[in-house]
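An overview of the molecular structure
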Amino acid sequence: MISVESHAAGIGKAHAEKLPGRVAGAATSKWLEVGMYIVVGLGNPGKDYDDTRHNIGFAVLEKLAAQENISILEKRHKAVIGKGIVEGEKCIFAKPQTYMNLSGECVRELVDYYKVDERENLIVISDDVSVEPGMLRIRKKGSAGGHNGLKNIIARLGHDGFIRVKVGVGEKPPGWDLADYVLGRFRPGERGTMDEAAGRAADAVRMIMAKGADAAMNRFNNTGGTAREDAPASDI
């Protein structure tokens, strides 16, 4: 786990005292001693994309933030971000505002600014059409699988060795355009399943920070579904 002392000047006492959620009232010395994670929920900004399959990353991050009493309101690093403490770890929550295909611009800027080891302390949450609706798949590395948000992050970081929590949204129906499918909203019968999945994904992020990615994979990866490793996650 990295120390954040190296960039304390950027998040010093005055800044730390204003942080929301569990950070409120915490001593600055304690704030600077804990590690840091950057948790990025992928999606597209704007009301037109609210509650779409492609924005499940936003939904998971918002659920986790609400549970931890962290506000995601600050605009910087090409994202809307929030700061707080989860499982004893300092966290930056980020919703990129670049649109999906340029998500890597935001992630690269965050990693550089906060000097985080992205191989250990970056968690990216995304949708995945190769995974059955509501199932989770956690990976510590791997290809983008056709998901252009992940593809751009890999390109900007120069490697694919970062943790991702993928939430299944199911394959597109026959004859559907993939873009129309992932930019469409969940059917009424799917909403309960996806809300429950968002809650489990939030729990998975907590476990990654508390016990590591391997523990979260063992706990949350669903091996009983019909998810296909070779199916593209998204083409947009």
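Up top is the structure.
The paragraphs below set out a description of the structure included in this document. (Residues numbered from 1 in each chain as written. Predicted model: local features only at pLDDT ≥ 70, side-chain atom pairs only at ≥ 80, totals over all residues. Heavy atoms only, no water.)

Quick look at the overall build of the protein chain
Heads up, the condition is: A run of DSSP states H or I qualifies as a helix once it reaches four residues; a run of E qualifies as a strand once it reaches two. Both are numbered from the N-terminal end. Per-residue accessibility, obtained with a 1.4 Å probe over protein chains only, is compared with the maximum for each type, and a residue is labelled buried under 20%, exposed over 50%, and partly exposed between these values. The contact criterion used is simple: two residues touch if any of their non-hydrogen atoms lie within 4.5 Å. Shrake-Rupley sampling with a 1.4 Å probe provides the accessible areas, and residues are treated as covered by the protein chains on show and by no other component.
Counting its regular elements, the protein chain contains nine helices and seven strands. When burial is assessed residue by residue, the protein chain has 55% of its 236 residues classed as buried. The long-range fraction of contacts in the protein chain, counting pairs at least 24 apart against all pairs at least 6 apart in sequence, stands at 74%. By element, 48% of the accessible surface of the protein chain is carried by carbon and sulfur atoms, the whole surface being about 10300 Å².

So, helix α4 (residues 103-114)
How we decide: How far a helix is expected to stretch is found by multiplying one less than its residue total by 1.5 Å.
With 12 residues, α4 should cover 16 Å at 1.5 Å per step; its first-to-last C-alpha distance of 17 Å lies within 8% of that length. Within two residues after α4, K115 carries a phi angle of roughly 55 degrees, on the positive side.

Here we look at the packing of aromatic side chains
The way to describe two aromatic rings as a pair is by their centre distance and the angle between their planes. Spelled out, the test is: To pair, rings of Phe, Tyr and Trp, with the six-membered ring standing in for Trp, must have centres within 6.5 Å; the planes then decide the type, stacked if under 30 degrees apart, edge-to-face if over 60, and tilted in the middle. Only lysine NZ and arginine CZ atoms are considered, and such an atom sits over a ring when it is within 6 Å of the ring centre and within 35 degrees of the ring normal.
Counted under the stated rule, the structure contains three aromatic pairs. Aromatic pair W176 and Y181: ring centres 6.0 Å apart, planes at 85 degrees, arrangement edge-to-face. Classification of Y181 as buried rests on a relative accessible area of 2%. Sitting over the ring of F58, K95 keeps its end group 5.0 Å from the ring centre. A cation sits over an aromatic face here: R164 above F162, 4.2 Å from the ring centre.

With respect to the environment of G161
Note on placement: G161 falls in the loop between α6 (148-157) and β7 (163-168). Considering only alpha carbons, one finds G161 and G142, 19 residues apart in sequence, at a separation of 6.8 Å. Not counting chain neighbours up to four residues away, the residues in contact with G161 comprise E118, R119, K140 and K141.

Re the side chain of N221
Basically, it comes down to this: Two N or O atoms count as a polar contact when they lie within 3.5 Å, although within protein this holds only if one can serve as hydrogen donor and the other as acceptor, and sequence-adjacent residues are included solely when both atoms are side-chain atoms.
With respect to the element layout, N221 can be found in the segment after α9 (213-220). Within the local environment of N221, its side chain forms a polar contact with the backbone nitrogen of I138, the two atoms lying 2.6 Å apart. With sequence-adjacent residues up to four places away left out, N221 is seen in contact with L136, R137, I138, R139 and A216.

Some thoughts on the side chain of D127
In plain terms, the rule: Charged residues are defined narrowly, with Lys and Arg counted positive, Asp and Glu counted negative, and His plus the chain ends left uncounted. Just to be clear on terms, a salt bridge is a Lys or Arg side-chain nitrogen sitting within 4 Å of an Asp or Glu carboxyl oxygen.
For D127, the position within the fold is in strand β5 (residues 122-128). R53 provides the closest opposite charge to the buried, salt-bridge-free D127, at an N-O distance of 8.5 Å.

Things to note about the pattern of salt bridges
Applying the stated criterion across every chain yields a total of 14 salt bridges. Here K63 and D195 are joined by a salt bridge, their closest N and O atoms 3.3 Å apart. Note that K63 is positioned in helix α3 (residues 56-67) and D195 in helix α8 (residues 188-211), a separation of 132 residues in sequence. K63 gets classed as partly exposed once you look at its relative accessible area, which sits at 23%.

Some details on the sheet that holds strand β2 (residues 74-76)
For clarity, the cut-off: Pairing between two strands is assigned when DSSP locates at least 2 bridges connecting them. Orientation is described by axes fitted as lines to C-alpha atoms, over the contacting stretch for helices, and by angles from 0 to 180 degrees between their N-to-C directions.
The strand order across the open sheet formed by seven strands is β2-β3-β4-β1-β5-β7-β6, and the pairing between neighbours is mixed. Either end of the sheet is taken by a strand with one partner, and the two such strands are β2 and β6 (136-139). The mean angle between the axes of side-by-side strands here comes to 25 degrees, regardless of whether they run parallel or antiparallel. Bridge count for strand β1 (residues 36-41) against β5 is four bridges, and the pairing is parallel. In the strand pairing of β5, V39 is matched with I123. Contacting β1, β2, β3 (79-86), β4 (89-96) and β5, α4 runs over the sheet at an angle of about 170 degrees to β1.

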